[in-house]
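# Summary of the model geometry
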Amino acid sequence: MIRYHDEEWGVPVHDDRKHFEFLVLEGAQAGLSWSTVLRKRAAYRRAFAGFDPQKVVRFTPKRIQTLILDPGIIRNRLKIESAVKNARAILAVQATFRSFDAYCWRFVGGRPRVNRWRFTRQIPATSPESYAFSKDLKARGFRFVGATIVYAHMQAVGMVNDHLVDCFRYRLVEARQVHTRS
């Protein structure tokens with residue numbers, strides 16, 4: 001968890017596979033702890049073909065059944081099937097918007113929302129943007145993308161900077177956001 005926080009969380013992502021990875025992991029996390037999912041991350045990469053949506057869309061019912069039996073991942077049929085459906089939906093979004101990344105970042109105007117939280121209890125579980133993003137994802141056929149999961153996605157991929165202002169990562173992520181906009 002510390003390494004994830006210190007190296008990844010909140011850093012802007014502009015890679016469709018990475019977006020897909022986080023969507024799969026965040027959907028898998030529903031009802032569970034993030035630490036549980038992070039411990040299984042390597043197994044998820046293996047099980048979901050390196051999070052290549054082109055490969056995941058070709059998963060057959062037999063392959064899905066094999067994944068349900070895989071102790072390395074969370075063996076929930078609905079979550080596994082949603083990952084396959086979401087891969088299909090990502091490909092459709094890519095056909096419309098050229099990239100899933102470009103589609104995602106529209107919900108924050110192409111720039112990270114930089115919050116100024118002093119206490120963990122101030123960090124919201126959702127935002128107006130996450131509700132709009134979630135609604136649009138669902139309309140496009142995505143599953144396990146409620147407003148809370150979508151807000152977690154936005155945090156993970158740097159669409160929002162929810163590091164506390166006194167966290168050493170706050171300024172580092174903010175500086176990196178400025179650098180990526182230049």
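See the structure above.
Here goes a summary of the coordinates provided.

The rules behind these values
- Residues numbered from 1 in each chain as written.
- Predicted model: local features only at pLDDT ≥ 70, side-chain atom pairs only at ≥ 80, totals over all residues.
- Heavy atoms only, no water.
- Helix = DSSP H or I, 4+ residues; strand = E, 2+ residues; numbered from the N terminus.
- Rg over C-alpha atoms; globule rule 2.2 N^0.38 Å.
- Buried < 20%, exposed > 50% of the residue type's maximum accessible area, 1.4 Å probe, protein only.
- Contact = heavy atoms within 4.5 Å.
- Areas by Shrake-Rupley, 256 points an atom, 1.4 Å probe, with all protein chains shown as cover.
- Lys, Arg positive; Asp, Glu negative; His and termini not counted.
- Charge placed at Lys NZ, Arg CZ, Asp CG, Glu CD.
- 1 Å grid on protein atoms, 1.4 Å probe; cavity = no way out; pocket = protein on both sides within 12 Å on 5 of 7 lines; lining within 4 Å.
- Points joined across faces, edges and corners; volume = space filled by probe spheres on them.
- Nonpolar A, V, L, I, M, F, W, Y, C, P; charged D, E, K, R; others polar.
- Arc of directions from axis to C-beta.
- Axes fitted to C-alpha atoms, helices over the stretch in contact; angles between N-to-C directions.
- Parallel < 35°, antiparallel > 145°, perpendicular 65-115°, else oblique.
- Left-handed = near helix turned anticlockwise from the far one by under 90°.
- Phe/Tyr/Trp six-rings, centres within 6.5 Å; stacked < 30°, edge-to-face > 60°.
- Lys NZ or Arg CZ within 6 Å of the ring centre and 35° of its normal.

### Things to note about the overall build of the chain
Scanning the chain from terminus to terminus reveals 11 helices and two strands. When the helices and strands of the chain are listed from N to C terminus, the series reads α-α-α-α-α-α-α-α-β-α-α-β-α. Taken over C-alpha atoms, the radius of gyration comes to 16 Å for the chain, in line with the 16 Å a tight globule of 182 residues would show. Taking the principal axes of the C-alpha coordinates as reference, the chain spans close to 50 × 35 × 25 Å. Counting across all 182 residues of the chain, residues that qualify as buried make up 46%. For the chain, restricting intrachain contacts to residue pairs at least 6 apart in sequence, the fraction spanning at least 24 positions comes to 68%. Summed over all atoms, the accessible surface of the chain reaches about 9,400 Å², with 54% contributed by carbon and sulfur. Once the 32 positive and 16 negative side-chain charges of the chain are each reduced to a mean point, those two points are 4 Å apart.

### Some points on empty space enclosed by the protein
Counted according to the given criterion, the structure contains one cavity of 30 Å³ or more. Forming the boundary of the largest cavity are 14 residues, of which Val24, Ala28, Lys79, Ser82 and Ala83 lie nearest the centre. Secondary structure elements with two or more residues in the lining of the largest cavity: helix H2 (16-29) and helix H7 (77-97). Looking at the lining of the largest cavity, the element that brings in the most residues is H7, giving five residues. Across the lining of the largest cavity, the residue classes tally to nine nonpolar, three polar and two charged.

### Remarks on helix H6 (residues 61-68)
Looking at H6, one finds that the buried residues are Ile64, Leu67 and Ile68. Seen from one end, H6 has its buried residues packed into an arc of 105°, which puts them on one side. Residues of H6 that are buried in the fold lie against helix H4 (41-47) and H7.

### Description of helix H10 (residues 147-156)
H10 sits mainly inside the fold: eight of its 10 residues count as buried. Looking at H10, one finds that the buried residues are Ala147, Ile149, Val150, Tyr151, His153, Met154, Gln155 and Ala156. In the core, the buried residues of H10 are packed alongside helix H1 (2-7), H2, helix H9 (128-139) and strand S2 (160-161). At the exit of H10 stands glycine 158, carrying a positive phi of roughly 80°.

### Quick look at the packing of H2 against H7
Across the interface, H2 lies against H7 with an axial gap of 10 Å and an inter-helix angle of 150°. Between H2 and H7, the angle is such that the two are roughly antiparallel. H7 is crossed by H2, and the crossing has right-handed handedness. Across the interface between the two elements, Asp16, Phe20, Leu23, Val24, Gly27, Ala28 and Gln29 of H2 pack against Lys79, Ala83, Asn86, Ala87, Ile90 and Gln94 of H7. By residue class, the composition of the contact of H2 with H7 is seven nonpolar, four polar and two charged.

### With respect to the layout of surface pockets
Here the largest pocket is characterised by a volume of approximately 500 Å³. Listing elements by their share of the lining of the largest pocket, those giving two or more residues are H1, H2 and H10. At five residues, the largest contribution of residues to the lining of the largest pocket is made by H10. Considering only residue class, the lining of the largest pocket consists of 12 nonpolar, six polar and two charged.

### So, the packing of aromatic side chains
Note on aromatic pairs: each is described by the distance of the centres and the angle between the planes. Summed over the entire model, instances satisfying the criterion amount to 12 aromatic pairs. Centroid distance tyrosine 4 to tryptophan 34: 5.7 Å. Interplanar angle 55°. Geometry classified as tilted. Pair noted here: tyrosine 4 is in helix H1 and tryptophan 34 is in helix H3 (residues 34-39), with a separation of 30 residues, a long-range link. Taking relative accessible area as the criterion, tyrosine 4 reaches 8% and is therefore assigned buried. Within the aromatic cluster, the residues linked to one another by ring pairs are Phe97, Phe100, Tyr103, Phe107, Phe133 and Phe142. For the cation-ring pair, arginine 63 lies above phenylalanine 59, with the distance from its terminal atom to the ring centre recorded as 4.0 Å.

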